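Letter by letter, the chains look like this.
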Amino acid sequence: MTSPTRRRTAKRRRRKLNKRGKLLLGLLAVMVCITIWNALHRNSEENEPSQETAAVSNTDQKKEVKKKTAKKSEEQIKTVDRNQKISNYLEEIGFSGTAMIVRNGEIVTNKGFGYADRKHYIQNNPLTSFYVGSSQKALIATAILQLEEKGKLQTSDPVSTYLPHFPNGQTITLKNLLTHTSGINGHIEGNGAITPDDLIKDIELQGIKRQPGVWDYKDSNYSVLAYIIAEVSGEPYEQYIKNHIFKPAGMTHAGFYKTYEKEPYPAVGYKMKGGKTVTPYIPDLSQLYGAGDIYMSAIDMYKFDQALIDGKLYSQKSYEKMFTPGSSSTYGMGFYVDPGSYSNHGVMPGFNILNSFSKSGQTIVILFSNIQNNAKLGQVNNKIYQLLNQE
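Residues numbered from 1 in each chain as written. Predicted model: local features only at pLDDT ≥ 70, side-chain atom pairs only at ≥ 80, totals over all residues. Heavy atoms only, no water.

1. Quick look at the packing of helix α4 (residues 137-149) against helix α7 (residues 219-233)
We apply this condition: Axis definition: a line fit to C-alpha positions, over the contact stretch in the case of helices; interaxial angles, taken between N-to-C directions, run 0 to 180 degrees. Only DSSP runs of H or I covering at least 4 residues are called helices, and only runs of E covering at least 2 are called strands; the numbering of each starts at the N terminus. By definition, any crossing whose near helix is turned counterclockwise from its far helix by less than a right angle is left-handed, and any crossing with a clockwise turn is right-handed. By definition, residues are in contact when any of their heavy atoms lie within 4.5 Å. Amino acid classes used here: Ala, Val, Leu, Ile, Met, Phe, Trp, Tyr, Cys and Pro are nonpolar; Asp, Glu, Lys and Arg are charged; the rest, including Gly, are polar.
Viewed as axis vectors pointing N to C, α4 and α7 meet at an angle of 40 degrees, and their least axial separation amounts to 10 Å. In the packing of α4 onto α7, the handedness of the crossing is left-handed. The segment α4 lies against α7, with K137, I140, A141, A143, I144 and L147 engaging D219, Y222, L225, A226, I229, V232 and S233. Across the contact of α4 with α7, the residue classes break down as 10 nonpolar, 1 polar and 2 charged.

As structure tokens, then:
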């Protein structure tokens, strides 16, 4: 039989053991919780990169985007040079600008020559933008013919139909304006900005030189036509050209003077003076509303020509009307009609433009120069046709 003293001692030992057991279980539970939390935290860190890792990742992505953009740009401005005789000739004469030459549907030359910006040593390339001067009259004529097809006007309409106070407006027709046979004196260009309304008022104020029917080239003829485009279409002339010519023809680098500097490769215009190149002053181009306020790249002009040839912009009837001489000058509507080709020419302070294509549409020669007076582009154009015919 166990004594009372021994039983009390045994009971105290059991209580101590129970306490130690509970303590150990508690510690074990805490260790398990810590282990589980660490495991979860590690998984979270693995799945969600740190800010430093994310920043590196974002930088890599941006670099990749830049690489893709740069690659795309390189592809867009890729030079085509399949006729070395033509390239050598243009280099020999000191041509500065872009030459775009197409034969039988194949690009023969699409190449920049010389500097677009001599101060910063930026070279001309196939996407360099140039002011095209009077060559844009072909776009204005196209717009008028489009509106005629839509029944909005007739080229036989007297100008007074749209401008009641126009001098001799009951006798002068839209066709007279298109073919430079209106007989008006025209606006004398100033330097500052002018609104289309004020420009037309000044043209009206200047009056007429003679009765219509005699060739007399005036920019104001096409300023009046641009104004009538806006009146008849119900949208600003610039917007009409963008929507109905630039867009359907795919002219992605064509625009109006206010956005010229926003283009990726705008050319600086130069002029030869005393054996040196100088940068001539360009007046505010609102003075040349409809007659010299458009810029584009050489490939844009090619797309325009091709759209005319393919009938994308108007009908065959309008095509024939455009390329019918309106006087002994051989000028039709925006183009001269030569024996074997159609051509137009644009000269502005610092720029010299020639656009030509054969009557068959198989040969297109476009010369955009950012030196106003160092080459006679008509002669250059003829030489290029000769070199092409030697192939």
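Once you've had a look at it, read on.
2. Remarks on helix α8 (residues 237-249)
What counts, and what does not: Expected helix span is given by 1.5 Å per residue-to-residue step, counting one fewer step than there are residues. One axis fitted to the seven residues ending at a residue, another fitted to the seven starting there: the angle between these axes is the bend at that residue. For the exposure calls, accessible area comes from a 1.4 Å probe over protein chains only, and a residue counts as buried if that area is under 20% of its type's maximum, exposed if over 50%, partly exposed in between.
The end-to-end C-alpha distance of α8, which contains 13 residues, comes to 17 Å, matching closely the 18 Å that a straight helix rising 1.5 Å per residue would cover. The largest bend along α8 reaches roughly 25 degrees and is located at N243. When α8 is considered as a whole, its buried residues turn out to be Y237, Y240, I241, I245, F246 and A249. Contacts made by the buried residues of α8 are with α4, α7, β7 (255-256), β10 (294-297) and α9 (298-310). With its phi angle positive at about 80 degrees, G250 sits one or two positions after the end of α8.

3. Describing the nonpolar core
To be explicit about the condition: Here the nonpolar core consists of buried residues drawn from Ala, Val, Leu, Ile, Met, Phe, Trp, Tyr and Cys, with membership extended through side-chain atoms lying within 4.5 Å.
With 77 residues, the main nonpolar core has I241, F304 and F323 as its most contacted residues. The residues touching F304, leaving out its near neighbours within four places in the chain, are A138, L139, T142, I245, A249, M251, L313 and F335. Counting residues in hydrophobic clusters, the runner-up holds 18 residues, among them L90, V108, L367 and Y385.

4. As for the confidence of the model for the protein
Rules: What pLDDT conveys is the predictor's confidence in a given residue, as a value from 0 to 100.
Summarising the model, the protein shows a mean pLDDT of 87, and 81% of its residues fall at 70 or more. Here residues 32-37 is a poorly scored stretch, pLDDT under 50, and it has 0 contacts once near neighbours within four places are set aside; other chains count. Contacts for the low-pLDDT stretch residues 39-75, under 50 throughout, to residues beyond four places or in other chains number 1 contact.

5. Topic: unusual backbone geometry
With a phi close to 55 degrees, Y121 is a non-glycine residue in the positive phi region. Among the structural elements, Y121 can be located in the loop between β4 (115-117) and β5 (122-123). In the Ramachandran plot, H180 falls in the positive-phi region, its phi being about 60 degrees despite a non-glycine side chain. Locating H180 in the fold gives a position in the loop between α5 (174-178) and α6 (196-206).

6. Remarks on the pattern of salt bridges
Heads up, the condition is: Here, a salt bridge means any Lys or Arg side-chain nitrogen found within 4 Å of an Asp or Glu carboxyl oxygen.
Inspection of the entire model under this criterion finds 6 salt bridges. Between R210 and D216 there is a salt bridge whose closest N-O contact spans 3.3 Å. Accessibility expressed as a relative area gives 31% for R210, which makes it partly exposed. Among the charged side chains, a salt-bridge network with shared partners connects D81, E91 and K111.

7. Brief notes about the packing of aromatic side chains
Operational definition: Here is the rule: rings of Phe, Tyr and Trp (six-membered ring for Trp) pair when centre to centre is within 6.5 Å. Planes less than 30 degrees apart are stacked, more than 60 are edge-to-face, and the remainder are tilted.
In total, this model carries 23 aromatic pairs according to the counting rule given. Between the aromatic rings of W215 and Y336, the centroid separation amounts to 6.3 Å while the plane-to-plane angle is 65 degrees, which identifies the pairing as edge-to-face. With W215 in the loop between α6 and α7 and Y336 in strand β11 (residues 336-337), this pair connects stretches of sequence that are 121 residues apart. For the ring pair Y237 and Y289, a centre distance of 4.9 Å and an interplane angle of 70 degrees mean the geometry is edge-to-face. Of the two residues, Y237 is situated in helix α8 and Y289 in the loop between β9 (276-278) and β10; the sequence distance between them amounts to 52 residues. Residues Y237 and Y289 agree in their burial class; the two are buried.

8. Digging into the sheet that holds β10
What counts, and what does not: Whether two strands pair depends on DSSP finding at least two bridges between them.
The 3 strands are arranged β6-β10-β7 in an open sheet whose pairing can be described as antiparallel. At either end of the open sheet lies a strand with only one pairing partner, and these are β6 (129-131) and β7. Inspection of the sheet shows β7 paired to β10 by 2 bridges, in the antiparallel sense. Looking at β10, one finds that F256 is bridged to I294.

9. As for the side chain of S318
Position of S318 relative to the elements: it lies in helix α10 (residues 316-322). The exposure class of S318 is buried, given its relative accessible area of 4%. Among all residues touching S318, those that are not within four sequence positions of it are L145 and E149.

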